[in-house]
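# A closer look at the structure
Spelled out from the first residue to the last, the chains are:
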Amino acid sequence: MYVEGWNVHRVVRPSRLANAVIERLLLRILDGEFQPGGDLPPEAALAQEFAVSRTILREALKALEEKRVLRIRHGRGTTVRPKSDWNILDPLVLSVLLEYGGSTTLATELEEVRTALHLLMADLAAQRIESEQRDRLDVAMGRMRASLPSDTSPGDLVGYRDAAHQFGKILSEASGNEVARCVVETIDVPAPEGQLDEELAAMAKTQEFAERLYARIVRGTESGSGIESVDSASTQQGPDQSADVDVDMDSAPTVSLPSQPPLRTTPLRRRPGVDARPPMVGVGSGTRSLL
């Protein structure tokens, strides 16, 4: 059980207790223990099982109602709503769905949305970026290129992750679109660590897309025309080596830059006897996202 022991209240804040209950209930719904359209056990039974007070349990149930996971009918019980009703952009709901298999296409759909929003932010940044932001963007891109593997260096994966995060942060800031930034940050869930070859493949795809975004901004600021649909992008490690690459909404790879710091999330602890499902964070083309 995720929350255990009578004295857990002494070391865990009530809000965190409620979040723990939310996570465990979501997981049990995904496991099929609580079916859509079915009722949850009585509050007293759930509170005893999770070793929390009725107040904490009601806070968790109310939160799940706001996330459209549950329907609370006073005097008639609490019913599980169909997954199609859930607010999947809620951070808690999204993290559980990704970690434990909410949909076979969810990770790909998230990458498609993030890719489209990053392209939009690059076009907006081409019109709005300030000189100080452009300088920081140049530095971040230089760090990304310097961290890539080469004939003389195995590459710096940790350094690359940090530089890519900074690049994405500056891009978002320069776009001046708070809605796009909030959506990207909400759906940005770090991928689990993989084998070295997977990490390097993800790094290469991230760099390819970052170069294309960078070229859109450079071209737009130099021409003064703002939005560009076709740009020349540097796909080499050196800052002055470039190749022509066409960029549009149809051909752009479904891989995106990290908006969150490169930190690993702690997996939820599953109930005894339940095997963990494989993580679903990845890229639609088959190569998972680096971050």
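Above this text you will find the structure in question.
Residues numbered from 1 in each chain as written. Predicted model: local features only at pLDDT ≥ 70, side-chain atom pairs only at ≥ 80, totals over all residues. Heavy atoms only, no water.

For the rest of this paragraph, the subject is the environment of Glu-132. With respect to the secondary-structure elements, Glu-132 resides in helix α6 (residues 131-146). Judged by relative accessible area, Glu-132 falls into the partly exposed class, the value being 43%. (Helix = DSSP H or I, 4+ residues; strand = E, 2+ residues; numbered from the N terminus. Buried < 20%, exposed > 50% of the residue type's maximum accessible area, 1.4 Å probe, protein only.)

With that out of the way, let us pick up the pairing of strand β1 (residues 70-73). Across four bridges, the pairing between β1 and strand β2 (residues 77-80) is antiparallel. Counted as the bridge partner of Ile-72 is Thr-78 from β2. The antiparallel pairing of β1 with β2 creates a hairpin that spans three residues between the two strands, and Gly-75 there sits at a positive phi of about 85 degrees. (Pairing = 2+ DSSP bridges.)

This part covers the packing of aromatic side chains. Taken as a whole and assessed by the stated rule, the structure comprises one aromatic pair. Residues Phe-167 and Tyr-214 carry aromatic rings whose centres are separated by 6.4 Å and whose planes lie at 55 degrees to one another, so their mutual orientation is tilted. Placement of the pair is Phe-167 in helix α7 (residues 157-175) and Tyr-214 in helix α9 (residues 196-223), with a sequence separation of 47 residues. Residue class for Tyr-214 comes out buried when judged on its relative accessible area of 14%. (Phe/Tyr/Trp six-rings, centres within 6.5 Å; stacked < 30°, edge-to-face > 60°.)

What the rule picks out here adds up to 19 salt bridges. Residue Glu-178 pairs with Arg-181 through a salt bridge whose shortest N-O separation is 2.7 Å. Note that Glu-178 and Arg-181 are positioned in helix α8 (residues 178-187) at a spacing of three residues, about one turn of the helix. A relative accessible area of 49% places Glu-178 in the partly exposed class. A relative accessible area of 22% means that Arg-181 is categorised as partly exposed. A salt bridge links Glu-208 to Arg-212; the shortest N-O distance between them is 3.0 Å. Placement of both Glu-208 and Arg-212 in helix α9 is noted, with a separation of four residues, approximately one turn of the helix. Taking relative accessible area as the criterion, Arg-212 reaches 11% and is therefore assigned buried. (Salt bridge = Lys/Arg side-chain N within 4 Å of Asp/Glu carboxyl O.)

The next point concerns the nonpolar core. Ranked by internal contacts, the top residues of the largest apolar core, which has 36 residues, are Leu-25, Leu-26, Val-69, Leu-70 and Trp-86. Elements that contribute at least two residues to this core include exactly α1 (14-30), α2 (43-50), α3 (54-66), α4 (91-100) and α5 (106-128). By residue number, the principal contributor to this core is α1, which donates nine residues. Once residues within four sequence positions are removed from consideration, Leu-70 is found in contact with Ile-29, Leu-40, Leu-61, Leu-64, Glu-65, Thr-78, Thr-79, Val-80 and Arg-81. (Core = buried A, V, L, I, M, F, W, Y, C linked by side-chain atoms within 4.5 Å. Contact = heavy atoms within 4.5 Å.)

Where α2 contacts α3, the two axes come as close as 9 Å, and the packing angle between them is 105 degrees. Relative to α3, α2 is oriented roughly perpendicular. On the side of α2, the interface is formed by Glu-43, Ala-44, Leu-46 and Ala-47, while α3 contributes Arg-54, Leu-57, Arg-58 and Leu-61. Of the residues assigned to the contact of α2 with α3, the class counts are five nonpolar, no polar and three charged. (Axes fitted to C-alpha atoms, helices over the stretch in contact; angles between N-to-C directions. Parallel < 35°, antiparallel > 145°, perpendicular 65-115°, else oblique. Nonpolar A, V, L, I, M, F, W, Y, C, P; charged D, E, K, R; others polar.)

Right, let's get into α2. The complete set of buried residues in α2 reads Leu-46, Ala-47 and Phe-50. Looking straight down α2, one finds its buried side chains confined to an arc of 100 degrees; they lie on one side. Immediately beyond the C-terminal end of α2, within one or two residues, lies Ala-51, with a positive phi of roughly 60 degrees. (Arc of directions from axis to C-beta.)

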